[in-house]
Amino acid sequence: MMSGERETVTVLLVENNAQLMKHMQKTLGLIDKVDLINTSLLAQDALEVIREQKPLVALVDYNLPDMNGINLTEIIRKEYPGTQVIVISQDNYTDVVLQAVRAGACDFITHDVSVKELNDVLTRAATLAVQDRSKLPAFVGMATPERKVTVPSGPQGKIVAVYGAKGGIGTTTVAANLALALMDRDHDARVVLVDGAIQYGDVHLMFNELGQASVMDLVPRLNELDIELVENVMLFNRATGISILPAPPRPEFAEKITGEAFARILEFMRRHYDYVVLNTDSYISDAVLAALDASEVVVLLTAQSINAIRNTRLFLDLWNAMGMTKDRIQLVISRYDPTSPITTERVGERLKFPVNMLLPEDNEAARKADALGQPALRSSRDSAYSKALYGLADQAIKRIEAVDKSEEPRMRMFVTA
Ligand SMILES: Nc1ncnc2c1ncn2[C@@H]1O[C@H](COP(=O)(O)OP(=O)(O)O)[C@@H](O)[C@H]1O
Ligand SMILES: [Mg+2]
């Protein structure tokens, strides 16, 4: 029996498929302190049950005959905000995950969820529901568990993700230089560079390093990560003193890095480093989603082109739909050209978001960095690009402090305690 230290979680299971219903009931039965108070075959019945019995958590299948699980999730979260929703589906396709998150689900599982994982997501959902209820008039005064389940805390390094909604925009270049800038700004800080561009990750190439080991080597040992293992897997770049966790060596290995696996690795990293700087690619894989979710700050790169602005706009819409706060986003125009008719003001207007920093186009610095295998911050120290990057690092540090103070609840979509 799995339980952990928590109060009983009341659960409603909404599932139309008899076999899957049985299977889920069995899995739930193996978890201690779970009270399956009811089951429904239809969305309409589920809403009735929630109104009357107020379960802390509704487990909702994606496929329901009278309404899809995403619509049901939306209604539950709107009408009965004291109940948290976990969406169940056959596959954890990113689009289904995104739909679920947009609709307000707090988590997402597949039918073959393990007992441990189900216990973890239920614990987290119940914690959120209890927190929500303490703020909802309808629930104030209602019996709530005396002891709240607490999310584990400890020494927390900060994660800064660099994301560009379009390839070739300079994401990887910024990630490499930003990691160095943070090192330069605080010589005592332990900084690590993690490649979250899971398919064609190339951040190590910026340092002229050739990787053999990669994040892949951590996957079989996720439950027993230790710093010695992690340091063995990372590349250590002597020239700069930075450690790099490379992406898998081949694109077809990408699927091994699930959102949950990557989230776990990042949470481990933040317990051992002061700054974790993340390179990403524009395709929002589960790993990228997990990284964005885990980050204190996202350096969002855009460019002076219709295309880049459109994609950035779409990204900001998604960010918004996921309920994340804009305070975490640092908007940067990459490869800035002062002669472009698309001015900084126009970019800000189109995105309805203030531009925080301009990183100049600097072909000479880029060429030199490439030729020497050393990021501009080392190979062209006095360039305008390097100066702007220090500015970016200073802004990021300030923003991290502000985000820390705001205590905004993070989704932690993929973290299972
Ligand atoms: N500010 C800049 N000025 C000039 N060239 C740049 C700049 N930033 C990046 N580049 C060049 O653009 C190319 C793509 O950069 P990269 O960082 O790999 O982009 P991404 O990761 O977004 O695909 C590289 O050749 C890089 O040297
Ligand atoms: Mg890149």
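Residues numbered from 1 in each chain as written. Chains lettered and ligands numbered in written order. Predicted model: local features only at pLDDT ≥ 70, side-chain atom pairs only at ≥ 80, totals over all residues.

Participant: Quick one: what's the story with the sheet that holds strand 12 (residues 329-336), residue by residue and with numbers?
Facilitator: Pairing is mixed in the open sheet, where eight strands are placed in the order 8-9-7-10-6-11-12-13. Where the open sheet ends on each side, the last strands, each with one partner, are strand 8 (235-237) and strand 13 (357-360). Averaged over all adjacent pairs, the angle separating strand axes in this sheet is 25°, with direction ignored. As paired elements, strand 8 and strand 9 (residues 242-245) share three bridges and run antiparallel to each other. Looking at the pairing, Asn237 lines up with Ile242 of strand 9. Docked against the sheet, helix 14 (residues 384-406) engages strand 6 (158-164), strand 11 (297-302), strand 12 and strand 13, running at close to 155° with respect to strand 13. (Pairing = 2+ DSSP bridges. Helix = DSSP H or I, 4+ residues; strand = E, 2+ residues; numbered from the N terminus. Axes fitted to C-alpha atoms, helices over the stretch in contact; angles between N-to-C directions. Contact = placed C-beta atoms within 7 Å.)

Participant: Could you give an account of the pairing of strand 6, with specific residues and numbers?
Facilitator: Remark: a regular strand shows side chains that alternate across the two faces of the sheet. In terms of residue burial, strand 6 counts as a mostly covered element, since seven of its seven residues are buried. With burial as the criterion, each face of strand 6 is covered, one bearing Lys158, Val160, Val162 and Gly164 and the other bearing Ile159, Ala161 and Tyr163. Summarising the sheet, strand 6 and strand 10 (residues 275-279) pair through five bridges and their orientation is parallel. If you follow Ala161 over to strand 10, its bridge partner there is Leu278. (Buried ≥ 20, exposed ≤ 12 C-beta atoms within 10 Å, placed from the backbone.)

Participant: Just give me the short version of the site of ligand 1, but keep the residues and values in it.
Facilitator: If you check the shell around ligand 1, you find 16 residues, and the closest are Gly170, Thr171, Thr172, Thr173 and Ala366. Counting only elements with at least two residues in the shell around ligand 1, the list comes to helix 6 (171-185) and helix 12 (363-372). Residue composition of the shell around ligand 1, grouped by class: four nonpolar, eight polar and four charged. (Near = placed C-beta within 6 Å. Nonpolar A, V, L, I, M, F, W, Y, C, P; charged D, E, K, R; others polar.)

Participant: Describe in detail the domain arrangement of the chain, supporting the description with residues and values.
Facilitator: Domain boundaries assigned for the chain yield domain 1 (9-135) and domain 2 (158-406). Averaged C-alpha coordinates put domain 1 and domain 2 at centres separated by 34 Å. At the interface, four residues of domain 1 touch six residues of domain 2. Residues belonging to the side of domain 1 that touches domain 2 are distributed by class as follows: two nonpolar, one polar and one charged. (Domains from an automatic or database assignment.)

Participant: Run through the sheet that holds strand 4 (residues 84-89), naming residues and quoting values.
Facilitator: Read from one edge to the other, the open sheet built from five strands follows the order 2-1-3-4-5, with strand pairing classed as parallel. With partners counted over all chains shown, the strands left at the sheet margins are strand 2 (34-40) and strand 5 (107-110), one partner each. Strand-to-strand, the axes of this sheet are offset by a mean angle of 25°, without reference to chain direction. Inspection of the sheet shows strand 1 (residues 9-14) paired to strand 3 (residues 57-61) by four bridges, in the parallel sense. Within strand 3, the position partnered with Leu13 by the bridge is Leu59. Together, strand 1, strand 2 and strand 3 form the strand contacts of helix 1 (residues 18-29), whose direction differs from that of strand 2 by roughly 165°.

Participant: Requested: an account of the packing of helix 6 against helix 14, with residues and values cited.
Facilitator: Each pair of packed helices can be described by the angle between their axes along with the distance between the axes. Between helix 6 and helix 14, the least distance of the axes is 9 Å, while the angle of their chain directions is 70°. Regarding the angle of helix 6 to helix 14, the classification is roughly perpendicular. Residues Asn177, Leu178, Ala181, Leu182 and Arg185 of helix 6 lie in contact with helix 14, whose contacting residues are Leu389, Tyr390, Leu392, Ala393, Asp394 and Ile397. Here the contact of helix 6 with helix 14 is built from residues that sort into eight nonpolar, one polar and two charged. (Parallel < 35°, antiparallel > 145°, perpendicular 65-115°, else oblique.)

Participant: Which residues make up the environment of Asn237, and what values go with them?
Facilitator: Considering the arrangement of structural elements, one finds Asn237 in strand 8. Taking the C-alpha atoms as reference points, Asn237 and Pro360, separated by 123 residues in sequence, lie 26 Å from one another. Beyond its immediate chain neighbours, meaning those up to four positions away, Asn237 contacts Phe207, Glu209, Ile242 and Ile244.

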